[in-house]
Amino acid sequence: MQQQQLKTEADEPGWEVDPDDDWGVAVIATVGRQLKLRREAVGMRAGAFGEAVGYGEDMVYKIESGKRIPRPEYLDMADEVLGASGLLAAMKEDVAKVRYPKKVRDLAQLEAKAVELQLYDPLSIHGLLQTPEYARGLLLMRRPAYAGDEVERFIAARVARKAIFDRDPAPELSFVLEEWTLRRPLGGREALRSQLEHLLTAGQLRNVELQVMPMDRQEHAGVDGGIEVLKFTDGSAVGRSPVVAGGRPVSDPRQLRILELRYGIIRAQALTPRESLAFIEQLPGET
């Protein structure tokens, strides 16, 4: 009988706990403690448990001590092997949130509360509008290169943020897109074609306005970088831009006024939403 190849740390890159993510550290420590208590309650040694779930003993100890994030399938197998009746598998939801980078998770929490979002990204199609294929092509361009597991982690985070489109009531979403980002075939021409089709679909939503900034514009108020302004039901807002407070989120009215002024000028300089959809519609034939 062929001996089972148990997974080790080298087989599971990118599943370390971020030490600066206090909430994430606490979640994974709690999950690890529950796994250990359940294993010990049934009298199973770490080595035997590892063989049963397909992991080396060292990895079992690291997961139980909160030093490694368990994969969803690990929790499923642990639940079955330890007879936990779904209690361990139920922790997958919290663990999945920890898998997203802290800054992405924090941003998603703000987006989930916002009633209006004003978004401009000069470097790529905004993350909320990206298809998984486009996101993968974009992430693979980064240098130094991300590990394959990290790429999938970032893609999963971006896909999770798309839940904003399913909210009821839906928030008002305004995007300004640079023409050149709609023409560069990151991930291949087929990926770009699918991305453009996705933009056309999103642009038809009543709460979404897409505007394209053509490359031939002689005036452009967005040369200083991207802009994000999120507004909430209580009248408060938070914004972010590389040229304001070093890119950190701001809520000071004076700084927000600067961001909204810049965003308003950019929108006025761009094509109208109707013109923009017509512009995007002609691009798939060019790819």
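Up top you'll find the structure we're talking about.
Residues numbered from 1 in each chain as written. Predicted model: local features only at pLDDT ≥ 70, side-chain atom pairs only at ≥ 80, totals over all residues. Heavy atoms only, no water.

A. A look at helix α11 (residues 253-269). Over its 17 residues, α11 runs 24 Å from end to end, which matches the ideal 24 Å to within 8%, given 1.5 Å per residue. Regarding α11, the residues found buried are L256, L259, R262, Y263, I266 and Q269. Burial along α11 is one-sided: seen end-on, the buried residues are contained in an arc of 155°. Residues of α11 that are exposed and point over 90 degrees away from its buried face: P253, R254, R257, L261 and A268. (Helix = DSSP H or I, 4+ residues; strand = E, 2+ residues; numbered from the N terminus. Expected span 1.5 Å × (residues − 1). Buried < 20%, exposed > 50% of the residue type's maximum accessible area, 1.4 Å probe, protein only. Arc of directions from axis to C-beta.)

B. Highlighting the side chain of E228. Assignment of secondary structure puts E228 in strand β4 (residues 227-231). You can call E228 buried: its relative accessible area is 15%. E228 has contacts with L107, Q118, L119, H126, V238, G239, R240 and L259, leaving out every residue within four places of it along the chain. (Contact = heavy atoms within 4.5 Å.)

C. Main features of the nonpolar core. With 30 residues, the main nonpolar core has L117, L129, F175, L182 and L199 as its most contacted residues. Elements with a minimum of two residues in this core: β1 (116-121), α7 (132-139), β2 (172-178), α10 (189-203), β3 (208-213) and α12 (273-282). For this core, the element with the highest residue contribution is α10, accounting for five residues. By size, the runner-up hydrophobic cluster in this structure holds 23 residues, among which are V27, A46, M91 and V98. (Core = buried A, V, L, I, M, F, W, Y, C linked by side-chain atoms within 4.5 Å.)

D. Structural context of the pairing of β1. Note that β1 and β2 share six bridges and pair parallel. The partner of Y120 across the bridge, within β2, is V176. Direction of pairing for β1 relative to β4: antiparallel, over a ladder of five bridges. Paired with L117 across the bridge in β4 is L230. (Pairing = 2+ DSSP bridges.)

E. Focus on the side chain of R39. Of note, R39 is situated in helix α1 (residues 22-41). Those residues in contact with R39 that sit more than four places away from it in its chain are M44, R45, A46, F49, Y61, E64 and L82.

F. Representation of the packing of α1 against helix α3 (residues 57-64). Relative to each other, α1 and α3 sit at 120°, their axes nearing to 7 Å. Our classification of the angle between α1 and α3 gives oblique. Seen from α1, the contacting residues are G32, R33, L35, K36 and R39; seen from α3, they are Y61, I63 and E64. Partitioned by chemical class, the residues of the contact of α1 with α3 number three nonpolar, one polar and four charged. (Axes fitted to C-alpha atoms, helices over the stretch in contact; angles between N-to-C directions. Parallel < 35°, antiparallel > 145°, perpendicular 65-115°, else oblique. Nonpolar A, V, L, I, M, F, W, Y, C, P; charged D, E, K, R; others polar.)

G. Region of interest: unusual backbone geometry. Following R143, the chain continues into P144 via a peptide bond in cis, with omega recorded as 0°. Tracing the sequence through the fold places P144 in the loop between α7 and α8 (148-161). Cis geometry marks the peptide bond from D168 to P169; its omega dihedral reads 5°. One non-glycine residue, S85, lies in positive phi territory at about 55°. Tracing the backbone shows S85 in the loop between α4 (72-81) and α5 (92-99).

H. Representation of the sheet that holds strand β5 (residues 237-240) within the structure. The strand order β3-β2-β1-β4-β5 describes an open sheet built from five strands, whose pairing is mixed. If you trace the sheet from one side to the other, it starts and ends with β3 and β5, each paired once. Geometrically, the sheet is characterised by an average inter-axis angle of 10° between neighbouring strands, direction not taken into account. Sheet strands in contact with α11 are β1, β2, β3, β4 and β5, and its direction is about 110° off that of β4.

I. How the structure looks around the packing of helix α2 (residues 46-53) against α3. Running from amino to carboxyl end, α2 crosses α3 at an angle of 100°, the nearest separation of the two axes being 8 Å. Between α2 and α3, the interaxial angle falls into the category roughly perpendicular. Across the interface between the two elements, A46, G47, F49 and G50 of α2 pack against E57, V60 and Y61 of α3.

J. The environment of A52, seen in detail. Tracing the sequence through the fold places A52 in helix α2. Residue class for A52 comes out partly exposed when judged on its relative accessible area of 42%. Between the C-alpha atom of A52 and that of R193, which follows or precedes it by 141 residues, the distance is 45 Å.

K. Expanded view of the pattern of salt bridges. Here the structure, examined in full by the defined rule, presents eleven salt bridges. Between R39 and E64 there is a salt bridge whose closest N-O contact spans 2.7 Å. Note that R39 is positioned in helix α1 and E64 in helix α3, a separation of 25 residues in sequence. Salt-bridge contacts for R217 lead to D216; the nearest nitrogen and oxygen are separated by 4.0 Å. Classification of R217 as partly exposed rests on a relative accessible area of 34%. On the basis of relative accessible area, D216 is assigned to the exposed category, the value being 59%. (Salt bridge = Lys/Arg side-chain N within 4 Å of Asp/Glu carboxyl O.)

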